[in-house]
Each structure stands twice: as structure tokens, then as C-alpha cells.
Amino acid sequence: MTKTTSLVLFGPPGAGKGTQAEKLSHHFTIPQISTGNILRKLRTEDTPLAREVSEVMLRGDLVPASLVVDIVEERLKEKDCGAGFILDGFPRTVEQAKALERILGEQGKQLDAVVSLEVSEKELVARLGGRRLCPACGRAYHLSMNPPKEDERCDTCKKPLFQRDDDREDTILGRLRVYWHETAPLVDYYRHQGLLRPIDGETGPDRVFAQILSVLT
Ligand code: AMP
């Protein structure tokens, strides 16, 4: 396989998709398209849609497919996606995967690979519960596995870290349930298409990244 740049980064919440998407984005100089990040931004607006999205996210459910599909469709039309893209958190259902196929077909694009980060449920719960983020630069920490130098403050920005409201224990379990029911079937879907590249997601961020690069070249 030749060097590829049109990717889906797939895996359960807490698998490290955001971390790896960022690394891949720098490496290949292509944009990271995180539907979660786009929706978190949308949530901050003062509109009925923002309030609806906020409630859905707080429950750990999926927001309506029509909304995320429209978001991704518009984003993929932008010029910076011409040389490739990394979809992080999309598609999350077979319905979304089919919509993605339609969008890519209409835009004359195609997927090169679906990188699937595999992490055990026990590890996911531990990772999500301890995850903390910097409100200024978005850098991710973990209270025990990757703690900041100073007490719950970003090493770079020095701002107090925060916990995503959907990283609280009750929502974590809901998000994982949604993942196993709605999103995990995509593994077979993409395996049948010959696009799936399974990666052991428990080996540490740098090793995971090296594994991803090795399956893409
Ligand atoms: P993430 O940051 O990818 O963990 O996404 C956070 C939340 O945003 C999810 O729990 C969903 O509520 C919502 N979300 C993100 N991507 C999608 C998607 N492709 N389809 C539906 N909901 C999504």
C-alpha cells in the first residue's frame, strides 16, 4: 500500500483517537476533523439546537445523524481537505458510514484506511475517569497516567485543567454502551471492505503512533 492520507480513526471513547489524530495531522499535514470537537463548540452557542445537542451529549448518546452528516459533508468540501483528512469520531454508525461513502463519492474522494484503536473496557473506564483537559490549548492529561507537573494546571498555559462533563462516571458507562451497540458493528463493516487496520491501543501514545504509520505505508 502506498502512503495514504484519507483516514478514519476509529475506536471506543478513551481509545486515544484525539491524541493520534493530532499526531497524524502534523505528520501528513492534513486536517483532523473531530465531530466531538465541532459539536462541543456548537454546544456553547445560545440556540435551541445547541441546547438539544448539549442534552444529548450529556447523556452520552449520539446526536442525530442528519446533523453530523451535514457537518462532515460541509467540512470535507473545504480546500484544506484536498490532500486528505483524518476523521476522528465519525462515522459512528453503519448509517453514518453509508452517508460518508455517498459524500466521498460525490466529492471524488475515497478512504484509504480505517485505523481501529483497540483498548479493553477496563482500561477505557480508567482513562476516561482520570482525563483532564486544558481549557486554553486543549492538551490532554491523565491524573495518574500522565499528570501535569503542577497540581491540576496545564504545563504550558498554567490554566486550571477541567474534566469534560461527559467524562463523569455515569455518562462514561452510557457512552461505552452506545459504542458497543451502535459503533462496534462498523469493525465488521470496514473489515469486509478491506479497509480495517487494527492497532493495539494500549502500548502508549508513541508506540501506537509508530504502529499506525507502519500499517499505512
Ligand atoms: P467524542 O469527543 O468523539 O467522544 O464525542 C463526544 C460526543 O459527541 C459523543 O458522545 C456524541 O454525543 C457526540 N458525537 C460525536 N461524534 C458523533 C457522531 N459521529 N455521531 C453522533 N454523535 C456524535
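Chains are numbered independently. Their residues run from 1 in the order of the written sequence. Under the rules for a predicted model, residues below a pLDDT of 70 receive no local features and side-chain atom pairs below 80 are neither given nor counted, while totals for whole chains, interfaces and linings still include all residues. Hydrogens and waters are ignored; side-chain quantities use all the structure's heavy atoms.

1. Structural notes on helix α5 (residues 94–106)
Now for step 1: Secondary structure is summarised from DSSP: a helix means a run of H or I of at least four residues, a strand means a run of E of at least two, and numbering begins at the N terminus for each. The span expected for a helix works out to 1.5 Å for each residue beyond the first. The first and last C-alpha atoms of α5 sit 18 Å apart over 13 residues, in line with the 18 Å expected at 1.5 Å per residue.
Now for step 2: Directly after α5, the chain includes G108, whose backbone phi takes a positive value near 65 degrees.

2. Section: helix α4 (residues 65–76)
Now for step 1: Taking 1.5 Å as the rise per residue, α4 with 12 residues should run 16 Å; its terminal C-alpha atoms sit 16 Å apart, in good agreement.
Now for step 2: Accessibility here uses a 1.4 Å probe with only protein chains present; expressed as a share of the type maximum, an area under 20% marks a residue as buried, one over 50% as exposed, and anything in between as partly exposed. In terms of residue burial, α4 counts as a mostly covered element, since 9 of its 12 residues are buried.
Now for step 3: Three or more residues of α4 are buried, namely A65, L67, V68, V69, I71, V72, E73, R75 and L76.
Now for step 4: Against the buried residues of α4 lie β2 (32–34), α2 (35–43), α3 (48–59), β3 (85–88) and α5. Only heavy atoms enter the contact rule, under which two residues are in contact if any of them lie within 4.5 Å.

3. Observations concerning the environment of G16
Now for step 1: Tracing the chain through its elements places G16 in the loop between β1 (6–10) and α1 (17–28).
Now for step 2: Not counting residues within four places of it along the chain, the set of residues in contact with G16 comprises L117 and R127.

4. Some remarks on the pairing of strand β4 (residues 113–118)
Now for step 1: Counted residue by residue, β4 has 5 buried out of 6 residues, so it is predominantly covered.
Now for step 2: Strand pairing follows a simple DSSP-based rule, namely that at least 2 bridges must link the two strands. When β1 meets β4, the two strands line up parallel, connected through 4 bridges. Note on β4: the bridge partner recorded for V8 is V114.
Now for step 3: Where β4 lies against strand β7 (residues 196–200), 5 bridges are found, and the strand directions are parallel. Note that in β7 the partner of E118 across the bridge is D200.

5. Remarks on the layout of surface pockets
Now for step 1: Cavities and pockets were defined on a 1 Å grid built over protein atoms only: a cavity is a set of grid points that admits a 1.4 Å probe from which the probe cannot escape, a pocket is an open set flanked by protein on both sides within 12 Å along at least five of seven lines, and lining residues are those with an atom within 4 Å of any such point. Grid points are joined across faces, edges and corners, and a volume is the space filled by probe spheres set on the points. If you add up the space inside the second largest pocket, you get close to 160 Å³.
Now for step 2: Looking at the second largest pocket, the residues that line it are Q32, I33, S34, N37, I38, R40, K41 and R75.
Now for step 3: Those elements that provide at least two residues to the lining of the second largest pocket are β2 and α2.
Now for step 4: If one sorts the elements of the lining of the second largest pocket by residue count, α2 sits on top with 4 residues.

6. Points about the nonpolar core
Now for step 1: Judged by nonpolar contacts, the single largest core of 35 residues is most densely connected at L76, L100, L111 and Y190.
Now for step 2: Mapped onto this core, the elements with two or more residues apiece are β1, α2, α3, α4, β3, α5 and α8 (186–192).
Now for step 3: Considering every element that reaches this core, the biggest residue donor is α4, with 6 residues.
Now for step 4: Residues contacting L100, with those up to four places away along its chain left out, are V8, L76, L87, F90, P91, L111 and Y190. Only buried Ala, Val, Leu, Ile, Met, Phe, Trp, Tyr and Cys residues count toward a nonpolar core, and they belong to the same one when joined by side-chain atoms within 4.5 Å.

7. Describing the packing of aromatic side chains
Now for step 1: In this scheme Phe, Tyr and Trp rings, the latter by its six-membered ring, pair at centre separations within 6.5 Å, and the angle between planes marks the pair as stacked below 30 degrees, edge-to-face above 60, and tilted otherwise. On inspection of all chains with the given rule, the structure shows 3 aromatic pairs.
Now for step 2: With centroids separated by 6.1 Å and ring planes inclined at 45 degrees, the aromatic side chains of F10 and Y179 adopt a geometry described as tilted. Here F10, found in strand β1, pairs with Y179, found in helix α7 (residues 169–183); they are 169 residues apart in sequence, far enough to count as distant.
Now for step 3: F10 sits in the buried class, given a relative accessible area of 3%.
Now for step 4: Accessibility expressed as a relative area gives 6% for Y179, which makes it buried.
Now for step 5: Here the aromatic rings of Y179 and W180 are separated by 4.9 Å at their centres, their planes lie at 75 degrees, and the arrangement is edge-to-face.
Now for step 6: You can call W180 partly exposed: its relative accessible area is 40%.
Now for step 7: An aromatic cluster of three or more residues is present, and its members are F10, Y179 and W180.
Now for step 8: Lying across the ring of F209, K23 places its NZ or CZ 5.6 Å from the centre. Whether a charge lies above a ring is judged from NZ of Lys or CZ of Arg, which has to be within 6 Å of the ring centre and within 35 degrees of the ring normal.

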